[in-house]
Amino acid sequence: MSYLKETPLGRSTDYVDEYTPSLLCPVPRWDARESLELEALGDEDTSLPFHGTDIWNAYELSWLNEKGKPVVALCELRIPCTTPNIVESKSLKLYLNSFANTRFENRDQVRAAIEKDVAQTVGGNMEVLLHSLEESAGFPVWEDRGQCVDNIDIGFEHYEYRPDLLLCDQGAEQTGQLYSHLLRSHCPVTNQPDWATVVVRYTGRAISPASFLRYVVSLRNHQGFHEQIIEQMFVDLMRQCSPRHLTVYGRFTRRGGIDINPFRSNSEQPLPNRRTIRQ
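Given the structure is predicted, the values throughout are model-derived calculations rather than measurements.

Q: When you look at the pairing of strand β3 (residues 70–80) in this model, what are you seeing that I'm missing?
A: Pairing analysis gives 10 bridges linking strand β2 (residues 51–64) to β3, with the strands arranged antiparallel. Within β3, the residue paired with Leu 64 across the bridge is Pro 70. In textbook terms, the turn of a hairpin is the stretch between consecutive antiparallel strands, and for β2 and β3 this stretch comprises 5 residues, one of which, Gly 68, has a positive phi near 90 degrees. Pairing of β3 with strand β5 (residues 127–131) involves 5 bridges; the strand directions are antiparallel. Each residue of the ladder has a partner; that of Arg 78, found in β5, is Glu 127.

Here it is, written out as C-alpha cells:
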C-alpha cells in the first residue's frame, strides 16, 4: 500500500475553507480484500460472503447561510460495502472543512452536494443525512446487550493476529451475541492506533467467549482500515466457527472529528446508528 503515502493521510496538508470537491480521495476496497479469499465464502450471486454498510458520523461540518451566518450540523454518511472504493478519512475531513466559508441556500443543498461528491468518490450510490444539534441530542445511545467478554479473567500471550484462537464450545446450536470494548488496531498508513467496540451476533455452534476475547486482543497490533478489520473478523469467524448467521459490527472512536462504523452480515440489515460511550 505504498501508494497511500501520497494520499492526504500520508502527508502534511493545507486546510482549504472554500468548497472543494477535489479534496476527496478514494481508496480501492479490493486491494485489502484479495488476501481474504472471499470468493470461497461467497454464494452464487456474489463474490462477497456478506452485505453491509459503512456508517460514518462527521461532527465537524459548518457552512454559511445566505446571509453569511455560520451553520453547524452532524453529517451521517451511509456507504454500501459493495462500492468499489472507500473514502480516505483525512480527505473527507479536509473536504468537509472546505464548506466553512462557502454560502449555501439551505441544508438540503449542502446534503445534496456531499452526497453527489462522495458517491462519485466511492463509485456508487450512497446516502447522506444532516442532523441539527437539537435533532442529534434526542437520538438514542448504544445499549449493552448480549455478553460482554471483557471481564473474563484469563491470561494473554498473543498480541499479534491469531485467527486460530477462535474456538467453539460443545453443545447444541444457539443464537448469541458477544461484544468487547477492547478492540484496537493500527492505521496502515500512519500506524496510529484505532479503538473500537465490536459486536458479534450469530446462530450456530456456541462461540467460546474466552476464545473470542483472546482473538480480539490478538488484533491489538494488526494493521488495517476500519472496514478491513471488521471484514477480516467476519471472515475469521466464518472460517473458524462456521455459523449459519453472522453479523459483525464495529463502532470505532473518532479521529479528526469522524467516527467510522462498519457493519457486515449475511443475515440481517444494519443495526441502528447508536453512539457508544466513547463516541
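Anyway, onward from the coordinates.
Q: Could you clarify how one ought to interpret the environment of Phe 50 in this entry?
A: Following the sequence through the fold, Phe 50 ends up in the loop between α1 (30–33) and β2. Overall, the relative accessible area of 5% leaves Phe 50 in the buried class. Taking C-alpha positions, Phe 50 is 26 Å from Gln 279, a pair spaced 229 residues apart along the chain. Those residues in contact with Phe 50 that lie beyond four places of it in its chain are Arg 33, Leu 38, Cys 81, Glu 231, Phe 234, Arg 264 and Ser 265.

Q: Even after reading the chapter, I still don't get helix α6 (residues 226–241), so can you show me in this structure?
A: Residues spaced three or four apart along an α-helix point in a common direction, a consequence of the helix completing one turn every 3.6 residues. Helix length check: α6, at 16 residues, gives a terminal C-alpha distance of 22 Å against a target of 22 Å (1.5 Å per residue), a fit within 8%. Taken across its 16 residues, α6 has 14 buried, putting it largely inside the fold. Looking one or two residues past α6, Ser 242 carries a phi angle of roughly 50 degrees, positive in sign.

Q: What is the right way to read the UniProt feature "active site" (unreviewed entry) in the protein from this model?
A: Look at the UniProt record and you will see "active site" (unreviewed entry) annotated at Cys 187 and Asp 194. Within the fold, Cys 187 resides in the loop between β7 (174–186) and β8 (193–204). By the secondary structure assignment, Asp 194 is in strand β8. The buried category is assigned to Asp 194, whose relative accessible area is 6%. Dropping the residues within four chain positions of it, Asp 194 is found in contact with Leu 183, Arg 184, Ser 185, His 186, Cys 187, Gly 224, His 226, Phe 252 and Arg 255.

Q: What is the right way to read the pattern of salt bridges from this model?
A: Note that side chains of opposite charge can pair when their charged atoms are close. Inspection of every chain in the model, using the stated rule, returns 15 salt bridges. Note that Glu 115 and Arg 111 form a salt bridge whose closest N and O atoms lie 3.1 Å from each other. Residue Glu 115 and its partner Arg 111 are located together in helix α3 (residues 107–122), separated by 4 residues, close to a single helical turn. Residue Arg 111 is classed as partly exposed on the basis of its relative accessible area, which comes to 23%. A salt bridge links Glu 231 to Arg 264; the shortest N-O distance between them is 2.9 Å. A residue pair is termed long-range when its members are at least 10 positions apart, and Glu 231 in helix α6 and Arg 264 in strand β10 (residues 258–265) qualify at 33 residues. Like Glu 231, the residue Arg 264 is buried in the burial classification. Residues joined in a network through salt bridges with shared partners are Arg 29, Arg 33, Asp 54, Glu 231 and Arg 264.

Q: Can you walk me through the packing of aromatic side chains in this structure?
A: What characterises a pair of aromatic rings is the spacing of the ring centres plus the angle enclosed by the ring planes. Per the counting criterion, the structure on display carries 8 aromatic pairs. Judged by centre distance (6.3 Å) and plane angle (55 degrees), the rings of Tyr 19 and Tyr 95 are tilted. One end of the pair, Tyr 19, is in the segment before β1 (26–28); the other, Tyr 95, is in helix α2 (residues 89–97), with 76 residues separating them in the sequence. Taking the relative accessible area as the measure of exposure, Tyr 19 reaches 26% and is therefore partly exposed. On the basis of an interplanar angle of 55 degrees and a centroid distance of 5.0 Å, the ring pair of Tyr 19 and Phe 99 is categorised as tilted. With a gap of 80 residues between them, Tyr 19 in the segment before β1 and Phe 99 in the loop between α2 and α3 connect regions that are remote in the sequence. Taken together, the ring pairs connect Tyr 19, Tyr 95, Phe 99 and Phe 104 into an aromatic cluster. Above the face of the Tyr 59 ring, Arg 254 is positioned so that its terminal group lies 3.6 Å from the ring centre.

What counts, and at which threshold
- Position labels on residues start from 1 in each chain and follow its written sequence.
- Restriction of local features to residues with pLDDT of at least 70 applies here, the model being predicted, together with a cutoff of 80 or more for giving and counting side-chain atom pairs; totals for whole chains, interfaces and linings are based on all residues.
- Values reported for side chains reflect all heavy atoms of the structure, with hydrogen atoms and water molecules removed beforehand.
- The criterion for strand pairing is that DSSP finds at least two bridges linking the strands in question.
- Secondary structure elements are taken from DSSP: a helix is a run of H or I of four residues or more, a strand is a run of E of two residues or more, and numbering for both begins at the N terminus.
- Each residue's exposure class comes from its accessible area (1.4 Å probe, protein chains only) as a fraction of the maximum for that residue type: buried when under 20%, exposed when over 50%, partly exposed otherwise.
- Every residue pair with non-hydrogen atoms within 4.5 Å of one another is taken to be in contact.
- In this analysis, the expected span of each helix is defined as 1.5 Å times one less than the number of residues it contains.
- UniProt positions are given in the numbering used here, feature names are shortened, and annotations may be inferred rather than shown by experiment.
- A side-chain nitrogen of Lys or Arg and a carboxyl oxygen of Asp or Glu constitute a salt bridge if their distance falls within 4 Å.
- Side-chain rings of Phe, Tyr and Trp, where Trp is taken by its six-membered ring, are said to pair if the distance between their centres is within 6.5 Å; with planes under 30 degrees apart they count as stacked, over 60 as edge-to-face, and otherwise as tilted.
- By definition here, charges over rings are those cases where NZ of Lys or CZ of Arg is within 6 Å of the ring centre and within 35 degrees of the ring normal.

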